[in-house]
Structure formats: C-alpha cells, structure tokens
Amino acid sequence: MTLVEINFDGIIGPSHNYAGLSAGNLASANNAGAVSQPRAAALQGIEKMRANVRLGLAQGFFMPLDRPNTAWLNGLATDMASAEAHIRAAAFSASAMWAANAATVSPAPDTADGRCHLSAANLLTMAHRSHEWTGTQAQLQLAFADTQHFAVHGPVPAPYGDEGAANFMRLCPSHGEAGLEIFVYGKSGGPFPARQHIESSKAIARAHCLNPDRTLFIQQAEAAIAAGAFHNDVVAVANERVLFTHEQAFEEPEAAYAAIRDRMPEAEIVIVPANRVSLADAVQSYLFNAQLVTLPDGEMALILPTEAQANANVWGWLQEHVAGNGPIRKLVPVDVRQSMANGGGPACLRLRVVADPATVDPRFMADEAKLDRMAVVIAEHWPESIAPDQLGDPALVAQVQTARLALLTACDLSSLA
Ligand code: SUG
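Residues numbered from 1 in each chain as written. Predicted model: local features only at pLDDT ≥ 70, side-chain atom pairs only at ≥ 80, totals over all residues.

(A) Local environment of the overall build of the protein chain. What the protein chain contains, in helices and strands, is 15 helices and 15 strands. Computed over C-alpha atoms, the radius of gyration of the protein chain comes to 20 Å, within 12% of the 22 Å expected from 2.2 N^0.38 for 417 residues, which places it in the range of a compact globule. Expressed along its principal axes, the backbone C-alpha trace of the protein chain runs to roughly 60 × 45 × 40 Å. Looking at the protein chain as a whole, 51% of its 417 residues qualify as buried. Contacts spanning at least 24 positions in sequence make up 77% of the contacts within the protein chain whose residues lie at least 6 apart. (Helix = DSSP H or I, 4+ residues; strand = E, 2+ residues; numbered from the N terminus. Rg over C-alpha atoms; globule rule 2.2 N^0.38 Å. Buried ≥ 20, exposed ≤ 12 C-beta atoms within 10 Å, placed from the backbone. Contact = placed C-beta atoms within 7 Å.)

What follows is the structure in structure tokens.
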C-alpha cells in the first residue's frame, strides 16, 4: 500500500459572501459589506486544484454544504425570511470552503490501530462555522467509508473549541512513515478569541490513539493571535521534516523548537525573523498560509497566494531563501483572492490526508477532466456576485440551492443532498 499526501480542497460554495463574521480575522473584518464574486471565487479554487494536479500532486475535494442551513435556523426557531441579519448571514455562509478547518487527521503510521483517524472539527467559537460539522462529517463518512483503513470521529463536545487541521502540524521523515504530531492551542484573554482549546487537542490525540512520545502540545503566541493570526496556519506550516515558521508564532519558541528537536532530531526548522517579515506582513501576505509540498522529484515547493509576491519584505526574504541553500526550492504563486478577502489562503482551502488514494471513495478524487466538468457547472450556476443586502432574497437562495445540487449531480454525489 502506497501512502501519499492527498490535498482535499473545499469547493467554494455558491453563497460565498463578505459578511464580516469572523472577529480576529482582519481580512474578514476589513472586507465586511463588500460585493463578493462566487463564480470567480470557485473558478479560482478549481484552477488552484488544476495547477496542483499538473505538479503531480494527489488532489481530492469536498462539496459545498447546503446553505442556508435551514435545520440550524429551525433550531433557532427562525427562517431566512424573518431571521435577524447576523443570524441570516451565519446560516448562509460558504465558510466550509476552508477545508483545513474540516477535521484533524492522524495518518495510519501514527496511530496505534494502524488506521487513519479523522475528527470533524466543532468550530464552535464562530456562530457561522459552528454548524458546519454535521455536513462535514457526512462527507468524511462517505469519502473515508473504508473502515479497514479509516476511522471517522464526531466533534469534541462543547465548550472546548476545535478548529481542525489549521491548528495542527505533522513532521515526519516522509509522509508514509511515523511522524511527530503537533497540536497548537491558544489561551483566551487577548483582544481576539483563541479558537483552539488545549482540551480539544488532547481529546483528539486520545481518540486517534497517538503515541504520547510522538505528540506535542504547543501554545500559540498571544501576540500572534492579537496580530490577526486567528489560526496557527497563518504563521507556520510543516511538511515532512521541515517546519517553516514565523519567529513569533509560538508563545515560547525556544522551548517549542527544543521539544521538536528532542523528539525528531532530523527536523529542519526554518525561522523567518520578525525584523525581516513582521507579524503584520505575515498576516497581510499569508506567507505561511501556503501549501508546503514535496514534488514528485523530491524537491519542496511553496504554493502561496499572489499577495505574498506583492509584499516586498516577504518576497525579498523568499528570494534569498530560494537562492541560498534552504529546503524550499520553488515558489508557486496562485490567485485565490476571493477567498483571501475572507482570510482564507491556499492552505486554508485544503485538508491534508495521508492515505492510499485507492482506499478513498473515487468520487472525491480529482483529475483534470473532472475539474473541467465542475468548472462548467460553476460557470453556469454560481451567482456572479452577491451584495450584502441580497442575503435574504428568495431568488438568490433558490439559485444557491440549485447550483449546489447541479454540482452534486455532476459528481455523482447526490446522496449528500
Ligand atoms: O474561520 N473566514 C474563515 C477563514 C478560515 C481560514 N482558515 C484557516 N486559516 N485554516 C474564518 O475566520 C469569514 C466569513 C465572513 O466574514 O463572512 C470566515 O469565516
């Protein structure tokens, strides 16, 4: 069995809009009230997947969830017509696109029972994200239904917040070998919420039957959260033996690096100093919200947002790194600006699962022909734009629902309807 890293991207849903729902996410707050372009957004996402397929990477996807979430509105004893504006926006959000928040994933080599474990994230800190897990779990159960190879868990119970793989990193000699699983949690008390609670991280480590000697819990820097790094993946990313991190990502960085090196001496920690790239630059450019991937030729590439290329401090540092002897050998800018305007970069849009692709339901796996078919459905059905005052419009609601059903049908996934 060949274990490879598969990136599952969340397809950007037809209700994508800018409602400013995420306190502590500066892009979401700054773009509140702007007119969104769901069709262009989803096509940007498709092109990102296509580029990764062309790089020779294994690519999967998840479907948009049913929005507005009428079951959630029913639970609040309301509906789209009469709900208050903030509830209506929360029910309508396309936030499930950020698949890094769908689940935490422990690949088979790390777990005591030799299966790949996935825990759906409860996302309970943000109202609009707190009702994603039902739809997400249904997809995980379908995509990873092979119980010989996968175990899908439900979310950690309230009140402990869990944001999935966005606050999780894995270091390993190669994807198919046992690794060091690193859970990064926040402590509340700052100006913005700390979304990942240590209680959730520990619960997931137990549920996934991880080896305590190869599991670490590291505190996210309070300064990073205050600067707008609402998830750790805004300031750090790992791939195989490389940790690529901002100097101010962790509350006690030296202790964190020492603990990592103690458990994994071959780890290579690439630290971007604050005097070259400030936390503000990191948050504005999403330098670290990149896909750090191993290409088929063995070299590492950083698939990063075009915003990183546009930031002189960031791009200058990266050019020096690539010209020197650093582990990142190639920079691949991608345009995901519609998602970026809500605080979601290339890494937010994907969930990494190390598995044998043959054990995944093939309906969730992408190739160029399938991406072409999805692009046709998106071009035909996704709204061109959504203005904030349109969210309650019954015609828009109907269009969004029809659009999703068309994509489910095209991908033979109507059972998710
Ligand atoms: O949870 N934005 C998302 C962005 C998630 C990014 N994911 C990772 N870093 N892995 C969030 O804050 C904005 C929605 C709005 O404002 O309408 C939003 O939910």
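(B) Seen up close, the environment of serine 174. Considering the arrangement of structural elements, one finds serine 174 in the loop between β6 (168–171) and β7 (180–185). On the basis of neighbour count, serine 174 is assigned to the partly exposed category, with 14 C-beta atoms found within 10 Å. A C-alpha to C-alpha distance of 5.3 Å links serine 174 and glutamate 240, two positions 66 residues apart in sequence.

(C) Highlighting the sheet that holds β6. The mixed open sheet is built from three strands, whose spatial order is β6-β7-β8. Only two strands of the sheet have a single neighbouring strand rather than two, namely β6 and β8 (215–219). For this sheet, the mean inter-axis angle between neighbouring strands, taken without regard to orientation, is 25°. As defined by bridge partners, β6 adjoins β7 across four bridges and the pair is classed as antiparallel. Paired with leucine 171 across the bridge in β7 is leucine 180. Together, β6, β7 and β8 form the strand contacts of helix α9 (residues 253–263), whose direction differs from that of β8 by roughly 170°. (Pairing = 2+ DSSP bridges. Axes fitted to C-alpha atoms, helices over the stretch in contact; angles between N-to-C directions.)

(D) Representation of the site of the ligand in the model. With respect to spatial proximity, 23 residues lie near the ligand, and among them Ser22, Ser28, Ala100, Ala166 and Cys348 are the closest. When its residues are assigned to classes, the shell around the ligand shows 10 nonpolar, 11 polar and two charged. (Near = placed C-beta within 6 Å. Nonpolar A, V, L, I, M, F, W, Y, C, P; charged D, E, K, R; others polar.)

(E) Region of interest: the packing of helix α14 (residues 368–381) against helix α15 (residues 394–410). Between α14 and α15, the least distance of the axes is 10 Å, while the angle of their chain directions is 165°. The angle between α14 and α15 falls in the class roughly antiparallel. Relative to α15, α14 is oriented so that their crossing is right-handed. Every residue of α15 that contacts α14 at Arg373, Met374, Val377 and His381 is listed here: Thr402, Ala403, Ala406, Leu407 and Ala410. Residues that form the contact of α14 with α15 fall into these classes: six nonpolar, two polar and one charged. (Parallel < 35°, antiparallel > 145°, perpendicular 65-115°, else oblique. Left-handed = near helix turned anticlockwise from the far one by under 90°.)

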